[in-house]
Amino acid sequence: MAGRNAVDPAQVRAAVLVVEEWLRDDRVAVPGRSALGAAVKGTARALAGSAPGHSVEVRVPPFVAVQCVAGPRHTRGTPPNVVETDPRTWLLLATGLLEFEAAVDSGALSVSGLRAREIADWLPIVPIKPK
């Protein structure tokens, strides 16, 4: 039986394709909250499914926070390894349209803790070819 946070890869891909035009061109109108939320939540939960564990917390406010990457579990307070960004940056990373280190270097992606950068090993989640 699948866990309560299991995701259907086809549904995640479909959710990402709904926002693809906006990801490719930020001049396009921002997708509706439900479409954006579905893409963000789906890709973050897919990451957690691919990299199960509790040593890194990935935060994409206001939509989702997931724990992933095998290692010590954190239970109280601020986790020792945190990755945080906005929805567009997260989706650019999740689709491979933005490289992890480029996002860090630009300041769009906040990474703290020794193990936080390990999530880059599981990106992209839903690859989209650049045009």
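Residues numbered from 1 in each chain as written. Predicted model: local features only at pLDDT ≥ 70, side-chain atom pairs only at ≥ 80, totals over all residues. Heavy atoms only, no water.

Novice: Explain the packing of helix α1 (residues 9-24) against helix α3 (residues 87-95) to me, using residue names and the numbers behind them.
Specialist: One way to put it is that α1 packs onto α3 with a least axis distance of 11 Å and a crossing angle of 105 degrees. One element, α1, and the other, α3, form an angle in the roughly perpendicular class. Only Arg-88, Leu-91, Leu-92 and Thr-95 of α3 make contact with α1, whose side of the interface consists of Val-16, Val-19, Trp-22, Leu-23 and Arg-24. For the contact of α1 with α3, the per-class residue count stands at six nonpolar, one polar and two charged. (Axes fitted to C-alpha atoms, helices over the stretch in contact; angles between N-to-C directions. Helix = DSSP H or I, 4+ residues; strand = E, 2+ residues; numbered from the N terminus. Parallel < 35°, antiparallel > 145°, perpendicular 65-115°, else oblique. Contact = heavy atoms within 4.5 Å. Nonpolar A, V, L, I, M, F, W, Y, C, P; charged D, E, K, R; others polar.)

Novice: Quick rundown of the pairing of strand β1 (residues 56-60)? Include the residues and the values.
Specialist: Judged by how many residues are buried, β1 sits mostly within the fold: four of five residues are covered. Where β1 and strand β3 (residues 82-85) come together, three bridges link them in parallel fashion. Opposite Val-58, over in β3, you have Val-83 as the bridge partner. (Buried < 20%, exposed > 50% of the residue type's maximum accessible area, 1.4 Å probe, protein only. Pairing = 2+ DSSP bridges.)

Novice: Explain unusual backbone geometry to me, and be specific about the residues and the numbers.
Specialist: Here Pro-61 and Pro-62 are connected by a cis peptide whose omega angle stands at 5 degrees. Along the chain, the position of Pro-62 falls in the loop between β1 and β2 (64-68). With an omega of 0 degrees, the peptide bond running from Leu-123 to Pro-124 counts as cis. Position of Pro-124 among the secondary structure elements: in the segment after β4 (109-112). If you check the backbone angles, Val-69 has positive phi at about 70 degrees while not being a glycine. With respect to the helices, strands and loops of the structure, Val-69 is situated in the loop between β2 and β3.

Novice: I'd like to hear about the side chain of Ser-55, residue by residue, with values.
Specialist: For Ser-55, the position within the fold is in the loop between α2 (33-50) and β1. Within polar-contact distance, the side chain of Ser-55 engages the backbone oxygen of Val-69 at 2.8 Å. Engagement of the side chain of Ser-55 in a polar contact is seen with the backbone oxygen of Ala-70, the distance being 3.4 Å. Those residues in contact with Ser-55 that lie beyond four places of it in its chain are Cys-68, Val-69, Ala-70, Gly-71, Pro-72, Asn-81 and Arg-115. (Polar contact = N/O pair within 3.5 Å; in protein donor to acceptor, adjacent residues only side chain to side chain.)

Novice: Could you give an account of the nonpolar core, naming the residues involved and the relevant values?
Specialist: In this structure, Val-40, Val-58, Cys-68, Trp-90, Leu-91 and Ile-119 are the most contacted members of the largest nonpolar core, which totals 36 residues. Contributing elements (two or more residues each) for this core: α1, α2, β1, β2, α3 and α4 (100-106). Once residues lying within four places of it in the same chain are set aside, the contact partners of Val-58 are Leu-47, Val-64, Ala-65, Val-66, Cys-68, Val-83, Trp-90 and Ile-119. (Core = buried A, V, L, I, M, F, W, Y, C linked by side-chain atoms within 4.5 Å.)

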